[in-house]
Amino acid sequence: MIKAIFFDIDGTLVPFGTPGIPAEVSDAIARVRAAGVKVFIATGRHLEWIDNLGDTEFDGYVTVNGAICLLADKHTCIHRRCIARDDVERAIDFSHRSPIPLVVVPADGDIFINRIDDNVRFVQKMLRVNHIDVRELDSARGRDVVQMMAFGTEKERTDSRLFETVLTDCEPTSWNPYFCDIIPLGSDKSVGIDRMIEHFGIPLSETMAFGDGGNDIGMLRHVAIGVAMGNADTAVKSAADYVTTPVDAHGVLNAFHHFGLI
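Procedures and definitions
- Residues numbered from 1 in each chain as written.
- Predicted model: local features only at pLDDT ≥ 70, side-chain atom pairs only at ≥ 80, totals over all residues.
- Heavy atoms only, no water.
- Helix = DSSP H or I, 4+ residues; strand = E, 2+ residues; numbered from the N terminus.
- Rg over C-alpha atoms; globule rule 2.2 N^0.38 Å.
- Buried < 20%, exposed > 50% of the residue type's maximum accessible area, 1.4 Å probe, protein only.
- Contact = heavy atoms within 4.5 Å.
- Areas by Shrake-Rupley, 256 points an atom, 1.4 Å probe, with all protein chains shown as cover.
- Axes fitted to C-alpha atoms, helices over the stretch in contact; angles between N-to-C directions.
- Left-handed = near helix turned anticlockwise from the far one by under 90°.
- Pairing = 2+ DSSP bridges.
- Polar contact = N/O pair within 3.5 Å; in protein donor to acceptor, adjacent residues only side chain to side chain.
- Salt bridge = Lys/Arg side-chain N within 4 Å of Asp/Glu carboxyl O.
- Core = buried A, V, L, I, M, F, W, Y, C linked by side-chain atoms within 4.5 Å.

Trainee: Please clarify how the overall build of the chain should be interpreted in this entry.
Mentor: Looking only at helices and strands, the chain has nine helices and 14 strands in total. Compactness check: the chain gives a C-alpha radius of gyration of 18 Å against a globular reference of 18 Å for 262 residues, within 12% of the reference. Based on the C-alpha atoms only, the size of the chain along its principal axes is roughly 55 × 35 × 30 Å. Residue burial in the chain is summarised as follows: out of 262 residues, 53% are buried. Residue pairs in contact within the chain that sit at least 24 positions apart in sequence constitute 57% of those at least 6 positions apart. When the accessible surface of the chain is summed, it comes to about 11,100 Å², and 49% of that surface belongs to carbon and sulfur atoms.

Trainee: Is there a simple way to think about the packing of helix α1 (residues 23-34) against helix α9 (residues 251-258) in this case?
Mentor: Two quantities define a packed helix pair, namely the angle between the helix axes and the distance between the axes. Relative orientation of the contacting elements α1 and α9 amounts to 35°, with a least axis distance of 9 Å. For α1 against α9, the interelement crossing comes out left-handed. Contacts from Glu24, Val25, Ala28, Ile29 and Val32 in α1 reach Val252, Leu253 and Phe256 in α9.

Trainee: How should the sheet that holds strand β7 (residues 112-113) be read in this particular structure?
Mentor: Within a sheet, neighbouring strands are paired by backbone hydrogen bonds and run either parallel or antiparallel to one another. A sheet is described by the order of its strands in space; here six strands give the open sequence β8-β7-β6-β9-β11-β10, paired in mixed fashion. Of all strands in the sheet, those with a lone pairing partner are β8 (133-134) and β10 (170-176), marking the two edges. In the sheet, strand β6 (residues 102-106) pairs with β7 via two bridges, with the strands oriented antiparallel. Within β7, the residue paired with valine 104 across the bridge is phenylalanine 112. Strands in contact with helix α2 (residues 85-95) are β6, β9 (145-151) and β10; relative to β6, the strand with the most contacts, it is inclined by about 150°. Sheet strands in contact with helix α3 (residues 118-127) are β7, β9, β10 and β11 (179-184), and its direction is about 65° off that of β10.

Trainee: Would you explain the side chain of aspartate 216 in this entry?
Mentor: Following the sequence through the fold, aspartate 216 ends up in the loop between β12 (207-211) and α7 (217-222). Among the residues examined, aspartate 216 registers a relative accessible area of 0% and is labelled buried. One polar contact links aspartate 216 to lysine 189, side chain to side chain, over a distance of 2.5 Å.

Trainee: Help me out: how do you make sense of the pattern of salt bridges in this one?
Mentor: For the structure shown, the criterion picks out 20 salt bridges. Across the pair lysine 189 and aspartate 8 runs a salt bridge, and its minimum N-O distance is 3.2 Å. Placement of the pair is lysine 189 in helix α6 (residues 189-200) and aspartate 8 in the loop between β1 (4-7) and α1, with a sequence separation of 181 residues. Like lysine 189, the residue aspartate 8 is buried in the burial classification. Salt bridges linked by common partners bring Asp108, Asp110, Asp133, Arg135 and Arg143 together as one network.

Trainee: Any chance you could explain the nonpolar core here in plain terms?
Mentor: Ranked by internal contacts, the top residues of the largest apolar core, which has 29 residues, are Ile5, Phe7, Leu13, Phe58, Phe210 and Phe256. Among the elements of the structure, β1, α1, β2 (38-42), β12, β13 (225-228) and α9 are those that each provide at least two residues to this core. In contact with isoleucine 5, not counting residues within four places along its chain, are Val32, Val37, Lys38, Val39, Phe40, Met208, Phe210, Phe256 and Leu261. Listed in part, the 21 residues of the second largest apolar core include Phe40, Ala42, Met196 and Ile197.

Trainee: Where do I start with the environment of glutamate 48 in this structure?
Mentor: Here glutamate 48 is to be found in the loop between β2 and β3 (60-63). You can call glutamate 48 partly exposed: its relative accessible area is 42%. Taking C-alpha positions, glutamate 48 is 9.9 Å from threonine 63, a pair spaced 15 residues apart along the chain. Apart from residues lying up to four places away in sequence, glutamate 48 is in contact with Gly109, Asp110 and Ile111.

Trainee: Would you mind showing me how to read the sheet that holds β1 here?
Mentor: One open sheet accounts for eight strands, arranged β5-β4-β3-β2-β1-β12-β13-β14; its pairing is mixed. Among the strands making up the open sheet, the edge pair consists of β5 (77-80) and β14 (242-243). By the bridge criterion, three bridges tie β2 to β3 in an arrangement that is parallel. Bridge pairing links alanine 42 to valine 62 in β3. The strands touched by α6 within the sheet are β1, β2, β3, β4 (68-71), β5 and β12, with β4 carrying the most contacts at an inclination of about 35°.

Here it is in structure tokens:
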């Protein structure tokens, strides 16, 4: 029996380019919760950037790819893991000699970027992020940073040796060709899921997760039942136990019916 379900947001609950969760999905989630199943968000977004869930209620939030786990009140933190200060210092030095735009996500929000280019503008539009402060990365010095983002192509990041010589205690996770999320080594959505189910006393054998991006692969493999959206790429689908229809073709609803959750 499934007792906890974890949902990615973009491309899973919310179709890209739309303002929020479709009413049919929100209603279905409410029905599942009413039946006693806990439902959680598991996203790469910081809470500060989660503005597309409407009135849909959740029991907790695994944010910034597992680095911060919050309960339903969005204030009670049960888990937090930061990027090593040495890595942040090297990233500051790197930012002064590289054209690659870097986003800094402090634990307390106040997200900023050191420069904006066409790739950044495209992603801002896609994710409906209307504004992000532009500041030098020096502003990150001495702060608790839970995630960073690097724009540009994978080749550009590889050629810059970003993860070989700068962010040596971090790893990239990507769900979009224009950028990658940067998280501490060994910290992903599956770690956040473990902290959340430990808090609620739910065994891993009674968990399910829905996702569509590369940063969802770990959690889809980790939970008892991993569901990939029909709009996911081949690698994500291969990591899942079940592939439903696309996000804009009743994907969540069809999976709920398939597994007898509603």
